[in-house]
Structure formats: C-alpha cells, structure tokens
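# An overview of the molecular structure
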Amino acid sequence: MKYRCCTACLLLLLALIAAAAAGSVHGALPGAPPKCTAAVRKGIDWGAGSNSFGIEGATRTGGRAASVWDVFQLRPGAIADGATGDVATDFYRRFRQDVALMKQLGLKHFRLSLSWPRLLPGARKGSAVNPDAVRFYGAVLDELKAAGIQPMVALYNWDLPQSLHESYKGFLSPNSIEDFTYYADTAFRLFGGRVKHWLTFIEPYVVCNMQYGNGQYAPGVDYGDEGRYKCGHNVLLAHASAAKLYQQRYKASQGGQISFTTLVTWPEPVSGSAEDSRAAQNMLDSEVGWLLDPIYFGDYPASLKAAKGQYLPAFTAQQRQLLNGSLDFIAANCFTAKYVSAKPGSSTGFRQSKSSSSGQLIGPASGVPWINVVPGTQAKMLRYISRRYSLKGPGGTAVRPAVLISSSGVQVPGEEKMKLPAVLQDDFRVNFYREYLDSVCEAVASGDVNLIGWYAWSLFDGFEWTDGFRRKFGLVHVQYASPQGTSAAVAAAGGGLQRTPKNSARWLSQHFFRA
C-alpha cells in the first residue's frame, strides 16, 4: 500500500511538472484585438493556408510528373541549405492526421492548392487524368468535409509542369491559356461539388516577376520586362478563360465563386509632397492596377502604359469582354509596407525603401528581410481596393466589392535557429497578428470594407521556395531531421515531422478560428 501511494504521488508530481513546463513554454495568451469584437469576427471566414509543393511531398509517387521546381531545386545553390520539396511535410501521407489537428484547433477554412503535374501528368489539353491524384485530392476534400472544414482551392501556386516549360516556356506563350483552361475544367468537373471558393492563380505578380522576369524562382528564366509583361497578359487571359468557363458551366450547379490573389506591398509616401504621392500611386498601378484594372476597367493603368507601354500587349475587344466580370471577389495577400519616393528619370517613376530619408525604418524588422511590421498596412490596402474597384449600384450608389486576405504572416526573428520547446513561444507572431487584425477589424466595423475572409500564412512550417526550410511562417511547428528536410525513407517509415501548435495557433484558435 505504501509503495502504491508513493507511485501515485510520483505520477502526480510528474504531471504537475509537465503542466508547469507547458505553462512556461506557452504562457498566458493575450486577448482578442480591441476592434475585433465578437460581432465583427462572426461575419468573416477565418482560415489558414498552404500550397502543394510546400507540404505534399511524394514528388515521385502516384504518377506525378515533374514540376519546374523539381528541376530547379537541383541547381547548385538554388535552394537554401540544398533543401528540396521531395518530402516537405509529407501531407500526401499524413493528411488525415493534419485534418484532425485542424479540427482540434477549431479551423473551419483551409486554403490548399492542387498540383497540376500530379492531376494531369501530360499537362496539355486533352491529356489523361491521373487516377491516383483523383483519389488523393478526393480523399483530402472528403476528410475536410467530415471535419467541418471548408476548402479554398488554388489551381496554380507556382508549380508549372516541367513539360510545359520545355515545350513553350509556360506562361510566356499564349498556348498556356488553352492548357490551363483544360486543367481548370478538369478540376472543376472532378472536385467542384466540394469546393465553394476557387483561386486560379496565387500572386500573378510573383509568377511573372520572379518566374519569368528576374528568374529568381523556377523555372529560373530572366526575361526582364519583356517576360514580365508578356507573362502577365497571358496569366490574365488564362484566368479569365477558366473563370468564364466556371461561371457559365459550373457555378449554377456547384454554387461556388472564383478569383485569383493579388500581392500588395503598401506604398507609404516618404513625404507629403505631391511628387511622392504620385510615386505611391504609380507603385499601386504597377502592382495592383496591372492585374485588376484590366478586369474592372478594360485596360492597364495609364501610368503603367506610360512607363512600360512598349512591353504591354494590347487587349482586343473580345479579350476585354472575357476579362470583364471574371472575379467574383477580390483576394489580396499583404504582409508589409515600403516608403516610396519620386524618382524622376527612372522607368517606373518611383523608388522603394524600408527607411525614410532620415534612416528611420518603416517598422520593426521581422525574421525575413522583405517584411517589416507595419500594423496599418492591410487596412489601408483593403480601403484602397474597396474604393477603387467599387461598382455602381441602384441610384449610382457605390457597391463595395467582396474582399478577402488570402495570406497574412511573418517569421519570428531568429526562428530558423530555435529548437523545441522555445520555438513554440512565438509571441512576436502573435503580436503581429494582433496589431494587424485590430486595424483590419476597424476598417470592417467602419463599413469601409466588405471583408469576407482572412487566412493566416501558413498553417505549417513547410518548404518555402528558394528559402527551403530556413523560413518558418507556420502556426504549427514541423520537426525536420536537418536543415535539408527529412528523407523520404524516414518519412515513409513514419519517422519525424511531428507537428506541434505554436502560441500563434492557440491564439488564433481561441479568438478567430472558433468565431
């Protein structure tokens, strides 16, 4: 009896120690942002995002063909630490446990992307559908539905089939329009009954600037302005072709909506001068107007045509008709802001900087060089989009477009070097979300913005393109075997890659995901 009593005491002591340790790691969570009242939060879809190459792995499994990233990652020095997406988070094998974790966090909205080379290994119009991909994506969507989670599905998140790059340089060719439309039609037909929100492209700005403009991303071709704007033109037409097909053939029976995501870096004039204000507008025209003005106004912005007109293809009357009305809502990704000043004589007319003329940073640095923490950024972006792209309603009243933020996130400074359990205490990320969301909720409460959704980037620490596994945006920590990732053999045996929610996941779960 004495021994049993001591054992019980020991177990109780161990439990108390474990609880104390957990408390020291997690700490007390802050409250919801003051402006994010229960009424405001209730009317918005709160979710988290991912992408196929960043999490799926199984790149040589189930009939999947190569994407441009499978080839690009083999170039020496192309990816930090020599990492690859061959395994990533192993979502292909572990999606059921991942969906169970989403349900545990109270997540009701999840953004994912399909892999074009997995679904259509032949890539071209008329090519055969891969039955393994149909089973896999169908099982993922069924699992999400059973957990009460609504998917938002993107068709293209930068993983072009390698065969299309080799055939005609991908989106540099108008051939891409027909092939992408066939791919989209295949996805709508197979999965549309289970998907209510579609995104044709994730950040065409990045696709055309980094995949075909400066060559920093796969397929790594540096075609400068010629490639950038030729790609942008074809991507817009590919989107419009797929969107109109969906709206005409599937929307009535499936009840869904379609859009693409725009990347916005908010331009803050470095001074109150008229020149710097014009420079900020020029930057908005070059990033936002480049992609949205043709859909809403039928042509590229005047300032962009003045600066880059020799590279911008002209729209035909038929193409303008195709573009018109091809967005059911506006989706935007916005992470940070830059100071902008006039730059007479330059090709754009503006200069971007993290610092003012006196050297003051626009906001605290984060763990990635391209993000400074500027809390009002998203609210300013949302108000701008809502004003510029409002439509005329009855009596000439302005009807604000439905908008959503499809990616919002940050890396904690030094997070790539942190180990368990310290990495879970990501208070920097919690504060980032708290400050950004407070201003977003204020814009919603004021009636200036019709916000229908907001998605954190990202749900998991995954493969982050040229940064490999060095960049950590996840709400959920994934334990990799090394900076290069986890081997396929270890992953297939079920080893490693354990998932652990960070403070940010717990905070969003408490105040937003369960709203």
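Residues numbered from 1 in each chain as written. Predicted model: local features only at pLDDT ≥ 70, side-chain atom pairs only at ≥ 80, totals over all residues. Heavy atoms only, no water.

### Details of the state of the cysteines
The condition that has to hold: Two cysteine sulfurs form what is called a disulfide whenever their separation falls within 2.5 Å. Numbering goes from the N terminus for both helices and strands, where a helix is a DSSP run of H or I of at least four residues and a strand is a run of E of at least two. Only protein chains enter the area calculation, which uses a 1.4 Å probe; residues under 20% of their type maximum are buried, those over 50% are exposed, and those in between are partly exposed.
Here the structure, examined in full by the defined rule, presents 2 disulfides. There is a disulfide in this structure between Cys36 and Cys441, and the S-S distance comes to 2.1 Å. Handedness here is read from the sign of the S-S torsion; for Cys36 and Cys441, about 95°, the answer is right-handed. Remark: Cys441 occurs in helix α17 (residues 427-445) and Cys36 occurs in the loop between α1 (2-26) and α2 (38-42); sequence separation between them is 405 residues. One disulfide bridge connects Cys208 with Cys231, the sulfur atoms lying 2.1 Å from each other. Measuring the twist about the S-S bond at about -70°, one finds the Cys208-Cys231 disulfide to be left-handed. Of this pair, Cys208 sits in helix α10 (residues 204-211) while Cys231 sits in helix α11 (residues 224-249), and the two are 23 residues apart along the sequence. Each of the two residues, Cys208 as well as Cys231, counts as buried. Sequential numbering of the bridged cysteines in the protein chain gives the disulfide pattern 1-4, 2-3. Its sulfur unpaired, Cys334 is 15 Å from the next cysteine sulfur, which belongs to Cys441.

### A short note on unusual backbone geometry
At the junction of Ala218 and Pro219, the peptide bond is cis and its omega measures out at 10° in the coordinates. Mapped onto the secondary structure, Pro219 falls in the loop between α10 and α11. Its identity is not glycine, yet Ala58 carries a phi of approximately 50°, on the positive side. For Ala58, the location among the structural elements is in the loop between α3 (52-55) and α4 (68-72). Looking at Ala58, the relative accessible area reads 5%, which means it is buried. Look at Trp465: it is not a glycine, yet its phi comes out positive at around 55°. Looking at the element boundaries, Trp465 is found in the loop between β11 (450-456) and β12 (476-478).

Remember, this is a structural readout, not a statement about activity or role.
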